[in-house]
Amino acid sequence: MTEDKSSWRKTWWVHLLLVGGAMASAFPLLRIVTVSLRPGDRLFSTELALIPADATLANYVEVFTKTGFFSWLGNSLIITVLTSLIGVCLASTAAYALSRYRFPGKSQVLVFLMATQMIPVVVLLLPLYFMLKKLSLIDTFAGVVAAYSVTTLPFCVWLLKGYFDTVPRSLEEAAQVDGLTEVGSFWRIVLPLSTPSLAIAMLYSITQAWNEYIVARVILQSSELYTWPLGLFELQGDFSARWGLFAAASVAVSIPVVVVFLYSSRWLLSGLTLGGVKG
Amino acid sequence: MEPLAALIHVAAWLLLTLGFLAAVELILYWFLYQYQSQYFWYGSAVLGLSAGLIGRQIGGPDGLSVGVVVGLALLFGAALARYQVKGRFAVPFMMLAPAFILVSLLVIYPFFFEFRLAFANLNLYSISKWLSGESLGWVGFDNFVKVLTTSPLQTATFWDLLLRTLLWTGINLIFHVGCGLGLALLLNRPLRGKAIYRTLLILPWAMPQVVAVLAWRGEFHPQFGFVNQLLGLVGIHNINWWSDPVPVFLSCCIVNIWLGIPFMMIVFLGGLQAIPKSYYEAASIDGASKLTQFFQITLPMLKPVVVPSITLGTIWTFNNINVIYLMTGQDGGNEHADILVSALYKSAFTYSRYSFSAAFAMIIFAILIGFTLFWMRVSRGTEGVTS
Amino acid sequence: MWLVQNAALRRSGDRLYMRLFSGFNRVFFAVGLGILSYGNVAAAVELTFWEHEFDDVQKGLDKVLKGFEAANPGIKIKRAHYKTEDLRTQFQTAAMAGGGGDVVLAPNDFAGPFSIMNVIQPVGSWAKGERFTPAGLAAVTDPKGVIWGVPVSRGNHLMLFVNKKLIPKVPETVEELIKVAGEHSNAAKGEYGFAYNLNEPFWFVTFLAAYGESPLVKALPQLGTKGMVDALGLVHDFKFKSKIVPPDCDYTCAETLFVDGKVGMTINGDWAVDKYHQALHDFLAIAPLPKLAATGKFMAPMVSGKYLFLNAKLKGDKLESAKKLAEYLVSKPVQEQLIKETGRLPSIKDLDHSPLISRDPVLQAIDLAMAHGQPMPMDVEMRVVWDAIRPQLQAVMSDRADPKVAADVMQKDALSKIKEMR
């Protein structure tokens with residue numbers, strides 16, 4: 001009976017901590033919802049209520065009808081999907097090679113990939129702009145996707161390599177005895193077992209590409225091509241901003257991402273076979 | 001029509017990229033599998049020539065030299081493949097090639113450009129000369145000396161900034177890893193409402209960073225913000241989160257910690273999922289306590305996942321400009337929360353001191369790569385766990 | 001990715017499979033190459049127009065630009081919006097690569113760095129400077145007399161806004177302002193009579209002018225003066241002695257308080273007039289910044305305006321189109337349209353006494369508020385001065401620094417930064 005009681009108490013503690021964490025996570029965002037529901041552009045108010053007394057959906061209506069909101073979302077969607085697909089595809093094969101094989105230059109490649117993260121992006125903006133201009137990729141989606149792929153690839157490779165390392169080789173060896181090729185074992189054994197890591201890599205690429213502002217600002221110049229961060233900052237002018245619209249658009253933009261995350265949670269559960277082969 | 005034209009452009013670029021990657025794979029295939037064929041050298045010469053022509057086409061005014069370099073590089077690669085590699089590492093090379101080549105192409109030119117800039121003197125007054133065709137001069141290590149001795153901002157010197165950056169990175173990392181691991185451990189068990197918890201806990205990462213940081217900035221507002229109101233309830237008054245040195249830095253830390261925990265949590269969670277339950281069962285049967293299990297099973301098995309995430313997390317935190325930039329009110333604002341990168345940004349864009357900032361960037365790069373090499377050696381993080 | 005891993009399938013001995021996909025790869029490559037060499041089709045002359053205006057001004061601008069396109073078929077204008085800081089940094093990056101907006105509508109400090117970099121071109125040869133209000137023109141003229149931008153509107157200056165519901169009489173001197181605000185302030189209850197952007201130099205220099213000082217004279221910073229010390233002391237006392245301002249007020253805070261009717265007076269610029277008017281209607285009073293009775297001098301806002309800058313790369317057709325656009329924007333009927341659409345004061349002398357201004361109390365008030373203004377220097381050193389003042393001002397306002405010390409540090413800072421910029 002004591003075991004039951006102590007595990008009940010433990011579960012209670014776990015829930016308490018998680019609820020605390022969840023509240024801390026969600027709270028600032030709830031405040032944004034509050035700003036979006038306030039009429040006018042009052043970022044601050046002397047009132048504290050979560051849902052203001054004069055709450056109105058006018059800001060949302062205006063964002064959806066009078067701004068280029070859906071065009072921004074569409075553009076962001078295209079860029080994000082492309083970046084994450086390219087990122088995950090290229091990274092998975094590279095990570096497999098780095099995980100399963102020993103070849104000259106292996107650790108140099110790993111360090112090189114990590115080194116590309118060490119140079120602050122702001123410094124690379126100028127030469128990146130020059131280079132993309134020469135390739136006529138300025139003010140195009142292609143240029144943005146190219147720039148994003150570069151920054152997401154290294155992390156995805158490292159992440160996937162780490163996960164691939166935990167998949168026991170014995171599984172592949174057994175399959176290869178049965179006639180599977182190396183690429184085949186990558187495709188049929190290692191990949192399916194690594195769905196959590198693929199999901200994380202995908203989510204990472206998605207968040208990077210979806211939320212990015214600085215590089216998109218430099219490359220995209222036509223308002224028809226604006227991603228949503230650029231569109232959002234159109235609502236900011238000289239000194240002040242249309243805070244109500246800003247907040248409403250922010251909430252509206254976060255919803256797709258949260259939905260994706262929700263949907264992705266089933267991929268985050270591992271598919272690792274238990275009792276396949278004793279390593 | 002514009003979006004349609006844009007989509008076509010994207011499709012074209014996608015095809016081009018796929019074609020380019022296919023070409024790379026073809027070349028590698030030729031080198032690694034056909035190195036013994038009697039047509040090897042003819043084929044390699046053709047490949048080298050066509051690559052050179054394309055390089056010349058894309059290279060603009062320096063086309064010819066680019067083309068020659070590319071062609072020669074290819075021929076050198078052919079020789080290397082035939083005499084040294086001999087098809088031994090065909091599969092890994094071919095699997096690694098696309099990602100590696102894409103990254104290096106887009107990173108190499110900017111890096112060497114900045115490297116060259118660091119030894120020149122490109123600033124507000126010399127830009128017009130450079131734009132009208134004059135070449136950049138050479139000033140040797142002047143810029144590096146300036147970076148290390150003068151102050152890029154008003155009062156903070158390089159060493160102040162370095163210290164602050166190390167402090168910033170350390171504080172953030174401890175909380176990111178600690179809380180991330182803690183939350184992952186809490187979530188890695190059968191629990192009611194796990195999906196809801198996970199979704200809520202992941203919000204800081206899913207939410208657009210700009211929006212979240214601006215929201216937090218509002219919360220730290222000395223008058224209207226939630227933080228001061230909450231503190232007022234416990235009797236602490238009048239902390240000016242926006243202008244006093246220590247509170248500004250603290251507020252940035254808090255925000256960045258809040259932003260970074262979900263990511264670490266997810267990475268750890270994924271890693272924890274990969275550990276078979278059988279290990280734990282076997283250990284309990286052998287009488288190991290929960291704590292021993294944690295240190296002997298969990299941590300080592302998390303290593304290949306954790307080490308790169310921590311390394312990259314450190315690098316990103318070190319170079320994180322967004323949070324500080326947005327929290328201190330964007331341009332101008334405060335310098336008390338500035339770390340190396342944000343000072344770098346200000347000197348480059350506010351004062352147009354491009355060479356200074358290039359030298360600055362090189363120094364930051366040197367620091368980081370020194371740290372990484374050292375850390376890699378200590379943790380031997382490039383090795384797998386099931387080799 | 002299996003498409004490009006075809007070569008690795010060789011080990012499995014599947015030659016046909018492999019050859020098939022080698023073929024596909026070649027096709028893709030050829031198609032891609034073909035698309036790459038596909039060139040651009042040139043249309044009518046297209047000018048890119050960069051600006052950083054607030055939402056409603058953007059709409060007004062669009063109307064004006066449409067009018068231009070209608071009057072000039074064959075010229076298309078593509079407007080691109082940027083945040084204020086981004087306008088400068090993006091233009092800089094793009095211009096260094098030979099790009100950047102063809103024409104830019106920006107405040108006068110845009111001219112400073114870009115005139116030195118030579119990425120914008122002087123307009124004096126064709127812009128006929130005599131037709132513009134002198135103060136506005138002076139703000140884009142460099143010490144050598146070269147004019148770098150075409151004035152499109154003047155203003156962009158600070159003025160005093162008063163909520164007549166709370167404070168019926170507009171104060172005429174700073175001392176009166178302090179007294180009136182004091183009557184409405186009760187620090188213990190968190191009530192204040194006056195609020196403005198405390199830590200921003202742009203606001204602070206208006207007080208500096210009341211002591212007869214200017215931060216930048218002939219491209220040299222003048223920050224270590226007695227006037228600076230006095231001004232720092234004055235604003236410091238607002239917060240700590242007379243306690244008429246909320247302890248930590250920035251732009252948004254001051255605006256919120258004023259719009260919510262919690263504070264009777266604020267200092268803000270002509271860009272905020274519309275918003276305040278909507279909030280307070282007839283209770284809004286706009287007045288020039290008051291006089292400091294102690295010195296007899298008026299507080300002076302920095303005056304500039306919005307200017308049209310032309311990219312240095314413009315030549316031939318594009319240059320002619322840009323010139324046409326400039327002429328259009330400063331022509332009398334369009335200037336009148338701009339007054340109506342954007343609520344900004346015109347830049348041409350012709351409209352100085354236009355009934356459009358004198359009959360509109362709001363515009364009239366804005367015009368009067370400009371009377372004591374000082375032209376904002378366009379020199380690139382001004383940026384350094386702002387950045388030198390800001391941290392010290394903040395320190396004084398947080399009671400962390402003594403005004404005398406702060407002033408000296410400011411001056412030293414500015415001088416060293418100016419030297420480093422070379």
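Residues numbered from 1 in each chain as written. Chains lettered and ligands numbered in written order. Predicted model: local features only at pLDDT ≥ 70, side-chain atom pairs only at ≥ 80, totals over all residues.

### A few points about the overall build of chain C
Across its full length, chain C holds 17 helices and 15 strands. Looking at chain C as a whole, 51% of its 422 residues qualify as buried. Residue pairs in contact within chain C that sit at least 24 positions apart in sequence constitute 74% of those at least 6 positions apart. (Helix = DSSP H or I, 4+ residues; strand = E, 2+ residues; numbered from the N terminus. Buried ≥ 20, exposed ≤ 12 C-beta atoms within 10 Å, placed from the backbone. Contact = placed C-beta atoms within 7 Å.)

### Some remarks on unusual backbone geometry
Unlike most non-glycine residues, Ser 352 of chain B shows phi in positive territory, near 55°. With respect to the secondary-structure elements, Ser 352 of chain B resides in the loop between α15 (340-350) and α16 (354-379). In the Ramachandran plot, Asn 118 of chain C falls in the positive-phi region, its phi being about 60° despite a non-glycine side chain. Residue position: Asn 118 of chain C is located in the loop between α4 (111-117) and α5 (124-127).

### A closer look at the interface of chain A and chain B
If you look at the interface, chain A gives 90 residues, while chain B gives 88 residues. When residues of the side of chain A that touches chain B are traced back to their parent elements, those giving at least two are α1 (2-37), α3 (69-100), α4 (106-115), α5 (121-134), α6 (141-166), α9 (195-211) and α12 (243-264) of chain A. Taken together, the residues that form the side of chain A that touches chain B break down as 61 nonpolar, 23 polar and six charged. (Nonpolar A, V, L, I, M, F, W, Y, C, P; charged D, E, K, R; others polar.)

### A closer look at the nonpolar core
By size, the foremost hydrophobic cluster in this structure holds 315 residues, and its most contacted members are Ala 91, Ala 94 and Val 157 of chain A together with Ala 195 and Phe 309 of chain C. The biggest single contributor to this core is α6 of chain A, with 17 residues. Each residue touching Ala 91 of chain A, except ones within four places of it in the same chain, is listed here: Leu 153, Cys 156, Val 157, Leu 160 and Ala 201 of chain A together with Ala 99 of chain B. (Core = buried A, V, L, I, M, F, W, Y, C linked by C-beta atoms within 7 Å.)

### Structural notes on the domain arrangement of chain C
Residues and elements named next belong to chain C. Here the domain parsing of chain C yields domain 1 (8-34), domain 2 (46-155 + 304-375) and domain 3 (158-300 + 380-420). For domain 2 versus domain 3, the distance between C-alpha centres works out to 28 Å. Between domain 2 and domain 3, the residue contacts involve 19 residues of the former and 18 residues of the latter. Listing elements by their share of the side of domain 2 that touches domain 3, those giving two or more residues are α4 and α15 (361-369). Take the side of domain 2 that touches domain 3: its biggest share by element is five residues, from α15. When the residues that make up the side of domain 2 that touches domain 3 are grouped by side-chain class, the tally is ten nonpolar, six polar and three charged. (Domains from an automatic or database assignment.)

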